[in-house]
Each structure stands twice: as structure tokens, then as C-alpha cells.
Amino acid sequence: MEKVLILDFGGQYNQLIARRVRECNVYCEVHPYTMTVEAIKAYSPIGIIFTGGPGSVYEDDSPQVDSAVFGLGVPVLGICYGCQLLAHNLGGRVTPAQNDSAREYGKTETWYDTSCSIFKGLPEKGISWMSHGDYMAKIPVGFQLTAHSAACPNVAISDDTRRFYGVQFHPEVNHTAYGTQMIRNFLYEVCGAHGDWTMEDYKNTAIRRIRERVGSGKVLLALSGGVDSSVCAALLAEAIGSQLTCVFVDHGLMRLNEGDEVEQAFSKWSINFIRVNAESRFLLKLAGEAEPECKRKIIGEEFIRVFEEEAKKIGAVDYLAQGTIYPDVIESGAGTAAVIKSHHNVGGLPEYVDFKEIIEPLNILFKDEVRQLGRALGLPEYLVSRQPFPGPGLAIRIIGDITKEKADTLRQADFIFRDEIAKAGQDRCLSQYFAVLTNTRSVGVMGDGRTYDYTLALRAVTTDDFMTADWARVPYDVLDHISRRIVNEVHDINRIVYDITSKPPATVEWE
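The structure contained in this document is the topic of the report that follows. (Residues numbered from 1 in each chain as written. Predicted model: local features only at pLDDT ≥ 70, side-chain atom pairs only at ≥ 80, totals over all residues. Heavy atoms only, no water.)

Quick look at the packing of helix H6 (residues 227–240) against helix H11 (residues 367–376) now. In contact at an axis separation of 9 Å, H6 and H11 are set at 40° when each is read in the N-to-C sense. Relative to H11, the element H6 is oriented oblique. Note that H6 runs across H11; the crossing there is left-handed. Contacts from Val-227, Asp-228, Val-231 and Leu-235 in H6 reach Lys-367, Val-370, Arg-371, Leu-373 and Gly-374 in H11. Tallied by class, residues from the contact of H6 with H11 come to 5 nonpolar, 1 polar and 3 charged. (Axes fitted to C-alpha atoms, helices over the stretch in contact; angles between N-to-C directions. Helix = DSSP H or I, 4+ residues; strand = E, 2+ residues; numbered from the N terminus. Parallel < 35°, antiparallel > 145°, perpendicular 65-115°, else oblique. Left-handed = near helix turned anticlockwise from the far one by under 90°. Contact = heavy atoms within 4.5 Å. Nonpolar A, V, L, I, M, F, W, Y, C, P; charged D, E, K, R; others polar.)

What follows deals with the environment of Val-26. Assignment of secondary structure puts Val-26 in the loop between helix H1 (14–23) and strand S2 (27–32). In the structure, Val-26 is positioned 465 residues away from His-491 in sequence and 53 Å away in space, judged by C-alpha atoms. Setting aside residues no more than four positions away along its own chain, Val-26 makes contact with Val-4, Val-21, Leu-187, Tyr-188, Ala-193, Gly-195 and Trp-197.

Moving on: the sheet that holds strand S13 (residues 244–250). A sheet is described by the order of its strands in space; here 5 strands give the open sequence S14-S13-S12-S15-S16, paired in parallel fashion. Each end of this open sheet is capped by a strand with a single partner; those strands are strand S14 (272–277) and strand S16 (357–359). Strand after strand, the sheet turns through a mean of 25° between neighbouring axes, direction not considered. For S13 and S14, the ladder comprises 6 bridges, and the chain directions are parallel. Paired with Thr-245 across the two strands is Asn-272, which belongs to S14. Across the face of the sheet, helix H5 (residues 199–214) comes into contact with strand S12 (219–222), strand S15 (319–321) and S16 while running at roughly 165° to S16. Packed onto the sheet, H6 meets S12, S13 and S15 and runs at close to 165° relative to S12. (Pairing = 2+ DSSP bridges.)

Bringing the packing of aromatic side chains into the picture now. Geometrically, a pair of aromatic rings is defined through the distance of the ring centres and the angle of the planes. The tally for this structure, following the rule as stated, stands at 14 aromatic pairs. Note on Phe-303 and Phe-307: the rings are 5.8 Å apart at their centroids and 20° apart in plane angle, and the pair reads as stacked. Taken together, the residues span about one helical turn, with Phe-303 and Phe-307 both in helix H9 (residues 292–314) at a distance of 4 residues. Each of the two residues, Phe-303 as well as Phe-307, counts as buried. One aromatic cluster in this structure is built from Phe-9, Tyr-33, Phe-50, Phe-70, Tyr-81 and Phe-164. In this arrangement the basic side chain of Arg-441 is found over the ring face of Tyr-454, its NZ or CZ atom lying 4.3 Å from the centre. (Phe/Tyr/Trp six-rings, centres within 6.5 Å; stacked < 30°, edge-to-face > 60°. Buried < 20%, exposed > 50% of the residue type's maximum accessible area, 1.4 Å probe, protein only. Lys NZ or Arg CZ within 6 Å of the ring centre and 35° of its normal.)

When you tally the buried positions in helix H3 (residues 81–89), you get 7 out of 9 residues, the bulk of the element. Three or more residues of H3 are buried, namely Tyr-81, Gly-82, Cys-83, Gln-84, Leu-85, Leu-86 and Ala-87. Taken from the residues just after H3, Gly-91 is the one with a positive phi, measuring 105°.

The next subject is the side chain of Arg-459. Here Arg-459 is to be found in strand S18 (residues 449–462). Arg-459 sits in the buried class, given a relative accessible area of 1%. Among the polar contacts listed, one links the side chain of Arg-459 to the backbone oxygen of Thr-507, at a separation of 2.9 Å. Setting aside chain neighbours within four positions, we find Arg-459 in contact with Phe-417, Gln-432, Tyr-433, Phe-434, Trp-471, Asp-499, Thr-501, Ala-506, Thr-507, Val-508 and Trp-510. (Polar contact = N/O pair within 3.5 Å; in protein donor to acceptor, adjacent residues only side chain to side chain.)

We now examine the pairing of strand S3 (residues 47–50). Alternating residues of S3 divide into Gly-47 and Ile-49 and Ile-48 and Phe-50, and every residue in both groups is buried. Where S3 and strand S4 (residues 76–79) come together, 3 bridges link them in parallel fashion. Among the inter-strand pairings, Ile-49 is bridged to a residue of S4, identified as Leu-77.

Turning our eyes to something else, we now look at the pairing of S13. Buried residues dominate S13, accounting for 7 of its 7 residues. Burial along S13 is two-sided: Leu-244, Cys-246, Phe-248 and Asp-250 and Thr-245, Val-247 and Val-249, pointing in opposite directions, are all buried. As paired strands, S12 and S13 are joined by 4 bridges and run parallel to one another. Paired with Leu-221 across the bridge in S13 is Cys-246.

So, in C-alpha cells, the structure goes:
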């Protein structure tokens, strides 16, 4: 199988590179930049990609790659920091930008030399996403300048003889027009890829690895009933069958009727299914806590404690399985990346976990890839296409402290929002939509009387990968109907607002 190696230098969106490579039907893996040359040789890549990163290549403590990599005869594509790393190691010179105009951030008009293999078949001008404060003051001997912007003459460099290429921008993000085509060109025009990897291949590889790792051991899966854990359950069931037990913890922070729906859906499967009703337990632990990270960590630890107790009842459970996906990992602070928010199944885990190992077979997949895997496993479409729902549930959609009364209020309002979105046919064009109970109260008037009740925020986004997202333009008449219905039917809410913030700067969830 053809393989591409991605060497990670600590950038925030490095796994997006892997996603773009896999979209081109080429298998790839992400490894730290410290990977030895011997290990790289053993991996036998058809191409190597250096990712972006927060460092500056000229600093003494900056991440560096073994220079022997450049003598392997393997094509290399450097992105942002990776581009500067190429220049720095091969005789060029990288310096801090001498003035503000040489620094580039955001969408930038860029001109491409389409005779370069990377830009083959592209228009000569397009928008690229820049994020660099350093400058290639001198390019190495043997390299040509192949792209420029108004502020920067050396946006891209190439050495066709050695098959080394570098771009200062980020082709992996959606903001770069033709970015995926550039990566495809590197794979097919430079590396000679044929595209022999599919989600069916990933499924088979994952099943084989699970069997090798688990052996005859028993696995306990934390099943939420959402897309990720459902696909994880199907994958594990395919791999180890009766060795798997799925535990669904109903923490009392689910959407309306969701606990019963999950139990009904999985009761039809040939798996060991256990439902634990733990509403009072979780609400007691969360009582009085308003800080988002603390709420996530409390829920993460309590989940683990419930699973440990259930494992002891089952007896001799070796592994805890979770439906963690890569956006969870990245936002919880992977490697040198910053912690954006600790997901209960990643950064929210307690220091001590009473299991031999944790198994996360989806943790290098993005949401759309998880859905593809679910289809490859034969899951029904209503499960595969289900609305994303975070493990902490409504706890991170209630701003401030959590009570059962607040949870019940939000449940009703959220149901109305989702119900009306579906009736209007908007669910087919939205990636995620939900309601948030804010901690803000305001004055209103109902029935000629003064009210002082909560403000409810509605959130809807469109996205390909959940790493970036745009706020959804839901028609005003739909929003108007939703607003009137919620205020009329749900107690303690007298004001509705609509969130028109994209990601970044916001995240999809409020907490």
C-alpha cells in the first residue's frame, strides 16, 4: 500500500493535512518530527510532508529534522514552518520579517507559476491562507521561486531535480482556494501515487489492529449513542464480538427522550448493552460548579468511575474503549498545541484510570470520515447522519451552574429548535444546530405582566471537518417561528438570540 509520511512540528491544524491526503485516496500517518531516519526508511513513504508549527527555524531550540532525510531520494513538501525548514537546512536563510508588510496572516491574493508541478492545472491567481511572521531572505541553490504575493516575493519554492517543494501558506485549510488540488498534485504528479486507499481499507486495518491488541481480553465501550460511539461500537463488534460490552451512561443531561431512543436502537443489536441511569449522581457532582473546564473534568472523571464500577460487575475487563475523534484530541491540546477545551474523553480524563489500556480506534478520523466508516460497516443512515452531541451533553450548553430545572428547560427548547429546523427542511444543509441556555436574564413582558427570565441562544453551523465552521444563514421566517414557539411553550425563557459567530474565533459549542 502506498504511504505518505507527515512529520508533525506542532501546528494547530496539522491533522488537516492528513485528512486532505486521505481524501485523495492515499494512506498517510502523522508522526513526530523526532522520528529517526531508520524508522522513516522502514516506513517506506512515497512522499514526506513537513507540517506547520509555532517555532522559528533559526532559534536554537526550534524543532529540527535529521538532515539525512534530504538524502533519502523521497519527495518532500514543506508547509509554512516546513517550507522554512527546507530553506534553512538546504542553504537558504530565514529571518524574522523586517517590517509589518512582510508578515502575512489570513486570506492573501497569490500568484502561482503553473509550470511548477504543485500548481499544475490551477489558475495563475488565487486566494491562499497565510500565517507566518518569518521570511525566507535567501532561498537555497537549486530552488526556483514559484509563487508570490503583493507583500512577499517568495511564497513558494521548488527544486524539481530533487523533488523538494515548499509553500509559505496552508493548502490544507478550506480558506486556500485549490489547496486540496495542490496536495493532490504533490501526491500524483510528484510522488507518483495511484490512490489505493479507501475507507474500506481503513476499516479492515482497524479491525485487524483491534484483534491483535485485544487478543482474548474484554472491552468496555463508553457508548453515548452519538455518531462517534455508535460507529466505534460497530467497529469493535465486528472485530471482537461477544468480548465487547457497551455501557450507556444516562447522566441526565441528554436531549429530550434521547436515553430511551439510544436504548431502543441498540436493543436490536447482538451486543451486550447496559444502561446506567445516573442523573442524580452527575447533578450532585456538578452542583454549584460554573467554570466550563471544571464541568468537563467533573463529567470526565465521573464517567470513568461509573465505567470502572460496571467493569467490576462484569468481571475481568481489560480495556476501556471510547469514540474519541481527532477534533476532540486537537482541541484538548495534542502535543505542543494549545488546550482550547478539554473534551471529557481526552483532557477531561482523571490521572488514574483502572483499566489496562484505553482503545480509541477513531482518534485519527474527522467527523465526515467517521460517517463514511459507519456506512462501510453497514450502520443505518439515521445513526450515521445523526446530529453531533458532545459527551458532557447539556452541561456545556447550560452557561453557569447546572440544575435539573435548567436542564429540563433547555431540553424542551432544544427539541423545538431541532423539530422546526427539520420541518423546514433545513436539517439537510446544516452540520450542527442546537440551543444554549445562557446565564443572562432580561426583562420582558408577557400577558401584560413583567417577566425576568433567561435568554436562549440558538446556534447552527455549516462545516466540512468541524475544525473550522461558518454560522448558518437560517431563513428569518424559520427563526421567527422557532422564537415564537419557544417563548410560548417553554417556561423561564423570554428572549431568543441567534449566534452569528464562525469558528474561529468561536468554537462550535459555547463551552
